[in-house]
Amino acid sequence: MNHTIGKYGYLLAALAFSAVLLTGCGAKQEEPKVVIENPKYLNETEAPAFEKTPAETVSAAAAKPDEAPAAQAPKEEPAPEPAPIDAGNSRAQSEEAKALVVRASSMQSYDHAEGEDAPAVSVVDDNLLLLINKTHPLSSDYKADDLQTVAKFTAGVGTDETHQMRRVAAEALQRLFEGAEKDGYDIRLRTGYRSYSYQSTLYNNYVKNNGKEAADRFSAQPGESEHQTGLCCDVGVTGVSLTGFNTRDEAVWIAAHAHEYGFILRYPEGKEDITGYMYESWHIRYVGEVIAKEIFEQGLTLEEYLGVTD
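I will try to describe carefully the structure that is included in this document. (Residues numbered from 1 in each chain as written. Predicted model: local features only at pLDDT ≥ 70, side-chain atom pairs only at ≥ 80, totals over all residues. Heavy atoms only, no water.)

### Quick word on the overall build of the chain
What the chain contains, in helices and strands, is 10 helices and 6 strands. Each of the 310 residues in the chain was classed as buried or not, and the buried ones make up 38%. Sequence separation of at least 24 residues holds for 64% of the intrachain contacts in the chain that already meet a minimum separation of 6. Accessible surface, the chain as shown: approximately 17600 Å² in total, 51% of it carbon and sulfur. (Helix = DSSP H or I, 4+ residues; strand = E, 2+ residues; numbered from the N terminus. Buried < 20%, exposed > 50% of the residue type's maximum accessible area, 1.4 Å probe, protein only. Contact = heavy atoms within 4.5 Å. Areas by Shrake-Rupley, 256 points an atom, 1.4 Å probe, with all protein chains shown as cover.)

This is the structure we're talking about:
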């Protein structure tokens, strides 16, 4: 320090030097924590930019120790990064789809020990991405409280109960039928909702007639059927058998257009090792238009899309 102020010089210099030290301590900030988005969704990531104390502020304070350094405006904290997607290896792409997958994963547990099933879902909620398969079951008393009858169904197939679906799915299915009609196709509901007991009877009959190994390829055991959710259905054409739908032009239309109404082809061809079931051109599942569009465009099963392929 170059000061010749007299007998108070040393005192002033000491006070100024103390002020510099105190100011420096007060200006020290912790480096912000950076939350990196899951690289599965972003091609590249970078930490958010944040301001650092300008070098001239420090040098100016050191050059004038007899003056209190000018007060610095409080620095703005960097905007918080969105929470990383925590939904396994999901293939969700759009921000809306990612949010829906995260929400779904918070409503259903996918965790289970090898050789065991995940906890059975017993509480009905509005999770349209509910995953039900051979390792992710429903409880025997699970039943939606908003089931409603689908107006257009195949006479003589199913019962009054199985002509129902959850409201949001039933309304979407009606729009799908109307869209098919405009293109010249008369597609109808065969069965929608099935209770645990109904599925039990159906499955046991298939086992009796075809053997368990064969039945397990095309029929779900009770509690493992999507039909119990009220969000899926089998569709068909009057006078055509269930499997006969595979070779129909209506099946081609369903495969190409179902996603436009929020439905996916639940058991696509060539995916039996993932879904556990053989190809079913007639079995469609409502997941909402946002998710259905992404699943269709990526050619995935629901398991693959959610990243739950155990």
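### What to know about the pattern of salt bridges
Under the definition given, this model contains 16 salt bridges. Between Lys 212 and Asp 216 there is a salt bridge, with the nearest N and O atoms lying 2.7 Å from each other. Here Lys 212 pairs with Asp 216, and both are found in helix H6 (residues 212-218), just 4 residues apart, close to one helical turn. Residue classification places Asp 216 among the buried residues on the basis of a relative accessible area of 17%. A salt bridge links Glu 297 to Lys 293, with the nearest nitrogen and oxygen atoms 2.8 Å apart. You can see Glu 297 and its partner Lys 293 sitting in helix H9 (residues 289-298), 4 residues apart, about one turn around the helix. In this structure, a network of salt bridges that share partners links the residues Lys 152, Glu 181, Asp 186 and Arg 188. (Salt bridge = Lys/Arg side-chain N within 4 Å of Asp/Glu carboxyl O.)

### Focus: the layout of surface pockets
The volume enclosed by the largest pocket comes to roughly 440 Å³. Contributing elements (two or more residues each) for the lining of the largest pocket: strand S3 (188-191), helix H5 (196-210) and strand S6 (280-286). Class assignment of the residues belonging to the lining of the largest pocket gives a composition of 12 nonpolar, 8 polar and 6 charged. (1 Å grid on protein atoms, 1.4 Å probe; cavity = no way out; pocket = protein on both sides within 12 Å on 5 of 7 lines; lining within 4 Å. Points joined across faces, edges and corners; volume = space filled by probe spheres on them. Nonpolar A, V, L, I, M, F, W, Y, C, P; charged D, E, K, R; others polar.)

### So, helix H4 (residues 167-182)
Under the 1.5 Å per step criterion, the end-to-end length of H4 is 23 Å for 16 residues, consistent within 8% with the ideal 22 Å. Within the span of H4, buried status applies to Ala 169, Ala 170, Ala 172, Leu 173, Leu 176, Phe 177, Gly 179 and Ala 180. Two residues or fewer after H4 comes Gly 184, characterised by a positive phi angle close to 90 degrees. (Expected span 1.5 Å × (residues − 1).)

### Focus on the pairing of S6
As a general feature of sheets, a regular strand has side chains that alternate between the two faces. Of all 7 residues that make up S6, 7 are buried, and the element is covered over most of its length. Of the pairings in the sheet, the one linking strand S4 (residues 232-236) to S6 comprises 3 bridges and is antiparallel in character. Bridging from a neighbouring strand, Cys 233 pairs with Ile 284 of S6. As defined by bridge partners, strand S5 (residues 263-267) adjoins S6 across 4 bridges and the pair is classed as antiparallel. What sits directly across from Ile 264, in S6, is Arg 285. (Pairing = 2+ DSSP bridges.)

### Thoughts on the packing of aromatic side chains
Scanning the model with the defined rule gives 4 aromatic pairs in all. Ring geometry for Phe 263 versus Tyr 286: centroids 5.3 Å apart, planes at 70 degrees, classification edge-to-face. Of the two residues, Phe 263 sits in strand S5 while Tyr 286 sits in strand S6, which places them 23 residues apart along the sequence. Here Phe 263 matches Tyr 286 in class, with each residue buried. (Phe/Tyr/Trp six-rings, centres within 6.5 Å; stacked < 30°, edge-to-face > 60°.)

### Here's the deal with the packing of helix H3 (residues 95-107) against H9
The contact between H3 and H9 brings their axes to 9 Å, and the two run at 105 degrees. Considering their axes alone, H3 and H9 lie roughly perpendicular with respect to each other. On H9, the residues that touch Glu 96, Ala 97 and Leu 100 of H3 are Val 290, Ile 291 and Glu 294. Each residue belonging to the contact of H3 with H9 can be placed in one class, and the counts come to 4 nonpolar, no polar and 2 charged. (Axes fitted to C-alpha atoms, helices over the stretch in contact; angles between N-to-C directions. Parallel < 35°, antiparallel > 145°, perpendicular 65-115°, else oblique.)

### Observations concerning the sheet that holds S3
Within the open sheet, the 4 strands sit side by side as S3-S4-S6-S5. Their pairing is antiparallel. The strands lining the two open edges of the sheet, one partner per strand, are S3 and S5. For this sheet, the mean inter-axis angle between neighbouring strands, taken without regard to orientation, is 50 degrees. Each of S3, S4, S5 and S6 is contacted by H4, which is oriented at about 130 degrees to S6, the strand it contacts most.

### Re the environment of Tyr 203
Summarising the element assignment, Tyr 203 is placed in helix H5. Classification of Tyr 203 as buried rests on a relative accessible area of 5%. Along the sequence, Tyr 203 and Ala 220 sit 17 residues apart, while their C-alpha atoms lie 6.7 Å from each other. Those residues in contact with Tyr 203 that sit more than four places away from it in its chain are Lys 212, Ala 215, Asp 216, Ser 219, Ala 220, Gln 221 and Pro 222.

### Observations regarding H5
Helix length check: H5 (15 residues) gives 21 Å between terminal C-alpha atoms against 21 Å at 1.5 Å per residue, within 8%. Looking one or two places after H5, you find Gly 211, whose phi comes out positive at around 90 degrees.

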